[in-house]
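These are the residues of each chain, in order.
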Amino acid sequence: MKLFVCTNCGQVLYFENTWCAHCGYHTGLYANGGNLYALSAPNDDAFVHNGTAYSYCFNYRFGVCNWLVPAGGLCDFCAACDLNRTIPNLQEPQYREYWRTIEAAKHRLVYSLLRMHLPLVSKKQDIKKGLCFDFVADEKDKKIFTGHDNGLVTINIAEADDIKREMERKNMHEAYRTVSGHLRHEVGHYYWNRLVEHTPYAVPFITLFGDYTKDYGEALKRHYVNGAPPGWMHNYISAYASSHPWEDWAETWAHYLHIMDTLETAYYFGLQVKPLPDTTTSMTVEMINDPYNEPGFGKIISQWLPLTYAMNSLNRSMGVNDIYPFVIPPPVMQKLLFIHNVCFETKKGHY
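Given the structure is predicted, the values throughout are model-derived calculations rather than measurements.

1. Some remarks on the state of the cysteines
Between two cysteines, a covalent bond joining their sulfur atoms is known as a disulfide. If you walk through the whole model with that rule in mind, you get zero disulfides. Counting only cysteine sulfurs, Cys6 is the nearest neighbor of Cys23, a cysteine outside any disulfide, at a range of 3.7 Å. Classification of Cys23 as partly exposed rests on a relative accessible area of 26%.

What follows is the structure in structure tokens.
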């Protein structure tokens, strides 16, 4: 995530800010430009910036969005909120809080997808190739499972409850479980359909990830009964990734987005990893580059590994768990490289 500043006074702002604490102006993000604008208008109704009129996305009134849309445009929703098909019952106060947490993660996801120039369209515009989200709760006689189905991503809103999510993480023996991780994983399935299936990338995908035509349902059943195969950590980023090539892709895709977003944040903060001279120099990164403009994945991963070692060390100093509790073995490096090449070629318009 880049650093944002108030266009009125220059105060540094968070991605989610709706107003500037320094000058008092309302702020909003116009996704196409990737900038947070300082706004001023009566009744918080419409705003003008450089001669262009903007309004807040319709979901601003619920406190879940600070993105802007052209005033009087064809759609009242921003590029992120327009992807919603189902939202929680807003008559339930707790559900409102869950939705706010989920939307914060989803907006960051959409920001990354826009930065990567990946195809992104709502099912409202393209029912076959579009993407949409259902954010729903369990019912008395119906358990909602988080998952993906032909461009429809379903998220059980209980994932936004920190306690419930941590309990589920322990039950599933997972090293990591976050709302952002869920969204990045599930949208990975969508982009497998868009970028790999029925494309020239399908054959090299099989070489790296395995034969995706083998029965998916049976593969998941075996995984939940037998667990991951011995030595899975030498070939996969997680135990779940070993269950089926589609899950391997989605898990690896999620980690690719973790890497890109975190490295961009480090880049905008001007971070570098430079151990003292009397310690190791193998972890030295003089200056982190903007990953979204880096064609070579080798440069990206050479920055990621020292950064995560430093971040984990800082967390341990605070007595909390590692922020990135994973090891990336060589086969996973190759899978990440494949994903990077697919995304970068898409960005360049070669596909």
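2. Considerations on the sheet that holds strand S7 (residues 68–70)
Pairing in this open sheet of three strands is antiparallel, and the strands run S5-S6-S7 from one edge to the other. Edge positions in the sheet fall to strand S5 (47–49) and S7, since each of these pairs with one other strand and no more. Strand-to-strand twist in this sheet, taken as the mean axis angle between neighbours without regard to direction, amounts to 45°. Two elements, strand S6 (residues 52–56) and S7, share three bridges in a ladder whose sense is antiparallel. Paired with Ser55 across the strands is Val69, a residue of S7.

3. Focus on the sheet that holds strand S10 (residues 147–149)
Pairing is mixed in the open sheet, where four strands are placed in the order S8-S9-S11-S10. A single partner strand is all that each edge strand has here, and the edge strands are strand S8 (84–86) and S10. Direction aside, the axes of adjacent strands within the sheet are offset by 25° on average. One ladder, built from two bridges, connects S8 with strand S9 (residues 132–136); its direction is parallel. Within S9, the position partnered with Asn84 by the bridge is Phe133.

4. Quick look at the packing of helix H1 (residues 93–115) against helix H3 (residues 179–195)
H3 packs onto H1 with a crossing angle of 45° between their chain directions and a minimal axis gap of 9 Å. On the basis of their axis angle, the class for H1 and H3 is oblique. The handedness of the crossing between H1 and H3 is right-handed. Contact residues: H1 offers Thr101, Ile102, Ala105, Lys106, Leu109 and Leu113, while H3 offers Val179, Ser180, Leu183, Arg184, Val187 and Tyr191.

5. Focus: the nonpolar core
Counting residues in hydrophobic clusters, the biggest one holds 81 residues, and the most contacted among them are Trp67, Trp249, Trp253, Tyr256, Trp304 and Ile328. Trp253 has contacts with Leu118, Arg184, Val187, Gly188, Tyr191, Leu195, Ile339 and Cys343, leaving out every residue within four places of it along the chain. Tyr30, Leu39, Phe47 and Leu68 belong to the second-largest nonpolar core, a separate cluster that totals seven residues.

6. Notes on the packing of aromatic side chains
Summed over all chains, the structure comprises 31 aromatic pairs. Seen from their ring centres, Phe58 and Phe62 are 6.0 Å apart, and the 65° between their planes marks the pair as edge-to-face. Residue classification places Phe58 among the partly exposed residues on the basis of a relative accessible area of 30%. For Phe62, a relative accessible area of 22% corresponds to the partly exposed category. Ring centres of Tyr176 and Phe326 lie 5.9 Å apart, and the angle between their planes is 65°; this geometry places the pair in the edge-to-face category.

7. Quick notes on the pairing of strand S3 (residues 26–30)
Along any regular strand the residues' side chains alternate between the sheet's two faces. In terms of burial, S3 is largely enclosed, as four of its five residues are buried. Judged from the five bridges that link them, S3 and strand S4 (residues 35–39) form a sheet pairing that is antiparallel. Within S4, the position partnered with Tyr30 by the bridge is Asn35.

8. Observations regarding helix H2 (residues 162–171)
At the N-terminal end of H2, a side-chain oxygen is found 3.0 Å from the backbone nitrogen of Ile163, two or three residues along, and the residue is Asp161. Phi for His173, located one or two positions after H2, is positive at around 55°.

Cut-offs and rules
Residues numbered from 1 in each chain as written. Predicted model: local features only at pLDDT ≥ 70, side-chain atom pairs only at ≥ 80, totals over all residues. Heavy atoms only, no water. Disulfide = S-S within 2.5 Å. Buried < 20%, exposed > 50% of the residue type's maximum accessible area, 1.4 Å probe, protein only. Pairing = 2+ DSSP bridges. Helix = DSSP H or I, 4+ residues; strand = E, 2+ residues; numbered from the N terminus. Axes fitted to C-alpha atoms, helices over the stretch in contact; angles between N-to-C directions. Parallel < 35°, antiparallel > 145°, perpendicular 65-115°, else oblique. Left-handed = near helix turned anticlockwise from the far one by under 90°. Contact = heavy atoms within 4.5 Å. Core = buried A, V, L, I, M, F, W, Y, C linked by side-chain atoms within 4.5 Å. Phe/Tyr/Trp six-rings, centres within 6.5 Å; stacked < 30°, edge-to-face > 60°. Polar contact = N/O pair within 3.5 Å; in protein donor to acceptor, adjacent residues only side chain to side chain.

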